[in-house]
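What follows is the residue order along each chain.
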Amino acid sequence: MNSRKTFRILVVWAALVAFHGAAFAQQEDTSSSSGQGIKQDAKAAGKDIGDAGRNVGHATKDAAVTVGHGARDVGVAVGHGAKEAGQGIGHGAKEGWDATKHAVKHVFGKDD
């Protein structure tokens, strides 16, 4: 092998090494930036999913509170209505008893 062939082989070899190094570095940067983009997209999607889950949780809580308060209000209204009905029945029974007692005393001549 003469020096010309050796020089050509060295030049071609150096060019291949340089090209390969540049191509590998460029490919690494591309995959790194696309990897970062995928990571950022995944992070953003995860955050959006978390936010949506939190919003659903708040909406569920608000609906449960509304239903619970409505049930409480209905229960209180029914309870108060039952109390008033009970008092009305009690007062009616007392008045009926007083009227019966007065009528019996009147019939038997023991007016008060």
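Use the structure listed above.
The following refers to the structure shown. (Residues numbered from 1 in each chain as written. Predicted model: local features only at pLDDT ≥ 70, side-chain atom pairs only at ≥ 80, totals over all residues. Heavy atoms only, no water.)

On to the overall build of the protein chain, then. When you go through the protein chain residue by residue, the secondary structure sums to 1 helix and 0 strands. Taken across its 112 residues, the protein chain has 0% of its residues classed as buried. Summing over all exposed atoms, the protein chain offers an accessible surface of approximately 9,600 Å²; the carbon and sulfur share of this is 66%. (Helix = DSSP H or I, 4+ residues; strand = E, 2+ residues; numbered from the N terminus. Buried < 20%, exposed > 50% of the residue type's maximum accessible area, 1.4 Å probe, protein only. Areas by Shrake-Rupley, 256 points an atom, 1.4 Å probe, with all protein chains shown as cover.)

Here we take up the pattern of salt bridges. Side chains carrying opposite charge are able to pair once their charged atoms draw close together. All told, the structure shown has 3 salt bridges when counted by the stated rule. The shortest N-O distance in the salt bridge between arginine 54 and aspartate 51 comes to 3.2 Å. With arginine 54 and aspartate 51 both in helix H1 (residues 3–107) and 3 residues apart, this pair spans about one turn of that helix. Note that aspartate 98 and lysine 94 form a salt bridge whose closest N and O atoms lie 3.4 Å from each other. Here aspartate 98 and its partner lysine 94 are both found in helix H1, 4 residues apart, which amounts to about one turn of the helix. (Salt bridge = Lys/Arg side-chain N within 4 Å of Asp/Glu carboxyl O.)

Turning our eyes to something else, we now look at a nonpolar patch on the surface. On the surface, a nonpolar cluster with roughly 430 Å² of combined accessible area is contributed by Val12, Trp13, Leu16 and Val17. Within the secondary structure, tryptophan 13 is located in helix H1. We classify tryptophan 13 as exposed; its relative accessible area is 58%. (Patch = residues over 30% accessible without salt bridge, like charges linked within 9 Å, V, L, I, M, F, W, Y side chains within 5 Å.)

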